[in-house]
Amino acid sequence: MSILERHDKNAVAHLKMNAPERLNALSDEMLAALQAQIDALKDDSSIKAVILSGNGKAFCAGHDIRQMTAGRDSEDKGRAYFEGLFARCTSVMLGLQHLPQPVIAQVHGIATAAGCQLVASCDLAIATDDCRFGVNGVNIGLFCSTPMVALSRNIPRKHAFELLTTGEFMSAPRAADLGLINRAVPADQLESETRAMADTIASKLGAAVKVGKEAYYQQLEMPIEEAYAYTSEVIVTNLMQPDTVEGMQAFIEKRRPDWE
């Protein structure tokens, strides 16, 4: 049994975290499995969208606290282990953002601490309407500093800070209102809603989506004048692609594009 299962269908790769007895915690093994799939997907032009979900009763409960505690059994009390752990976790979170394919989190149960960070690091997210989100580390004396990075780039700052300092949970409808997830749906619709979104994305010209995803994140970090200059170059380059020429001609002729 694999700790991370992958099933491909119709240009969509579905990654399912499979450690239900540990609430799909981001253990050393889970992080390694996620990184391996990210490395495989980044050059896989046959895949146009990715779904990330969790098996069992929760999406992801964050880092493996027992494993972290065991890491203290060293001369430096775990410092080197912790530094390596968060470097590997950061690589996974950024890796999801840097993938050419849009990544959709399919969330149920809970997504806490680094599990909430995982949702925030995906490009899109759909959750069950009874799902709960939190960055609860402060409850055990550990401020969720690294989850804060992705969370604070998804929701307004005062709401992010409230979650970080109170350790309280946020409901799925509230998470949708604030922008952490795209929408909350009944549990029996979660898979179909997520799949429909993935299939819609996969039906588009992959090269255009790849260019667009990279440009989206790049321009967010730029002043507005620089962003317009950068994206103008991006769109001109996109316009020169043969498949884009075909797509525009197909629109004029009211037919489906014949993309290579």
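Throughout what follows, the structure given in this document is the object of discussion. (Residues numbered from 1 in each chain as written. Predicted model: local features only at pLDDT ≥ 70, side-chain atom pairs only at ≥ 80, totals over all residues. Heavy atoms only, no water.)

## Considerations on the overall build of the protein
- When helices and strands are counted, the protein shows 11 helices and nine strands.
- Computed over C-alpha atoms, the radius of gyration of the protein comes to 19 Å, within 12% of the 18 Å expected from 2.2 N^0.38 for 260 residues, which places it in the range of a compact globule.
- Excluding contacts between residues fewer than 6 apart, the proportion of contacts in the protein whose partners are at least 24 apart in sequence is 66%.
- In the protein, 25 positive and 33 negative side-chain charges are present, and the distance between their average locations comes to 3 Å. (Helix = DSSP H or I, 4+ residues; strand = E, 2+ residues; numbered from the N terminus. Rg over C-alpha atoms; globule rule 2.2 N^0.38 Å. Contact = heavy atoms within 4.5 Å. Lys, Arg positive; Asp, Glu negative; His and termini not counted. Charge placed at Lys NZ, Arg CZ, Asp CG, Glu CD.)

## Describing the pairing of strand β4 (residues 103-107)
- Most of β4 is tucked away, with five of its five residues classed as buried.
- Bridge analysis of strand β3 (residues 49-54) against β4 gives three bridges, and the strand direction is parallel. Bridge pairing in β4 places Ile 51 opposite Ile 104.
- Across four bridges, the pairing between β4 and strand β6 (residues 124-128) is parallel. Within the sheet, the bridge partner assigned to Ile 104 lies in β6 and is Leu 124. (Buried < 20%, exposed > 50% of the residue type's maximum accessible area, 1.4 Å probe, protein only. Pairing = 2+ DSSP bridges.)

## Notes on the sheet that holds strand β7 (residues 132-134)
- One open sheet accounts for three strands, arranged β5-β7-β8; its pairing is mixed. The outermost strands of the open sheet, each flanked by one partner alone, are β5 (110-112) and β8 (170-171).
- Alignment of β7 against β8, held across two bridges, turns out to be antiparallel. Its bridge partner lying in β8, Phe 133 is registered against Met 170.
- Taken strand by strand, helix α4 (residues 114-121) contacts β5 and β7, and its axis lies near 100 degrees from that of β5. (Axes fitted to C-alpha atoms, helices over the stretch in contact; angles between N-to-C directions.)

## Section: the nonpolar core
- If you look at the biggest cluster of nonpolar residues, it comprises 54 residues, and the most contacted ones within it are Leu 26, Phe 59, Phe 133 and Leu 180.
- Residues Leu 124, Leu 190, Ala 198 and Ala 202 belong to the second largest nonpolar core, which totals 12 residues. (Core = buried A, V, L, I, M, F, W, Y, C linked by side-chain atoms within 4.5 Å.)

## Some words on helix α11 (residues 242-252)
- Among the residues of α11, those classed as buried are Asp 243, Thr 244, Glu 246, Gly 247 and Ala 250. An end-on view of α11 places all buried positions within 160 degrees of arc, on one side of the element. Exposed side of α11, more than 90 degrees from the buried face: Pro 242 and Ile 252 are the residues found there.
- Just downstream of α11, Lys 254 is the residue with a positive phi angle, here 55 degrees. (Arc of directions from axis to C-beta.)

## Structural notes on the sheet that holds strand β1 (residues 4-9)
- Strand order in the open sheet formed by six strands is β1-β2-β3-β4-β6-β9, and the pairing between neighbours is mixed. In this open sheet, the two edge strands, each paired with only one partner strand, are β1 and β9 (183-185). Ignoring strand direction, the axes of neighbouring strands in this sheet form an average angle of 20 degrees.
- Strand contacts of helix α1 (residues 28-41): β1, β2 (12-17) and β3, with the helix running at about 25 degrees to β1, the strand carrying the most contacts.

## What about unusual backbone geometry?
- Not every positive phi belongs to a glycine, and Asn 10 is a case in point at roughly 50 degrees.
- If you trace the backbone, Asn 10 turns up in the loop between β1 and β2.
- Asn 10 gets classed as exposed once you look at its relative accessible area, which sits at 56%.

## Remarks on the side chain of Thr 244
- Here Thr 244 lies in helix α11.
- Judged by relative accessible area, Thr 244 falls into the buried class, the value being 14%.
- Of the polar contacts made by the side chain of Thr 244, one reaches the side chain of Asn 238; its length is 3.0 Å. (Polar contact = N/O pair within 3.5 Å; in protein donor to acceptor, adjacent residues only side chain to side chain.)

Don't take any of this as a statement about function, it's just geometry.
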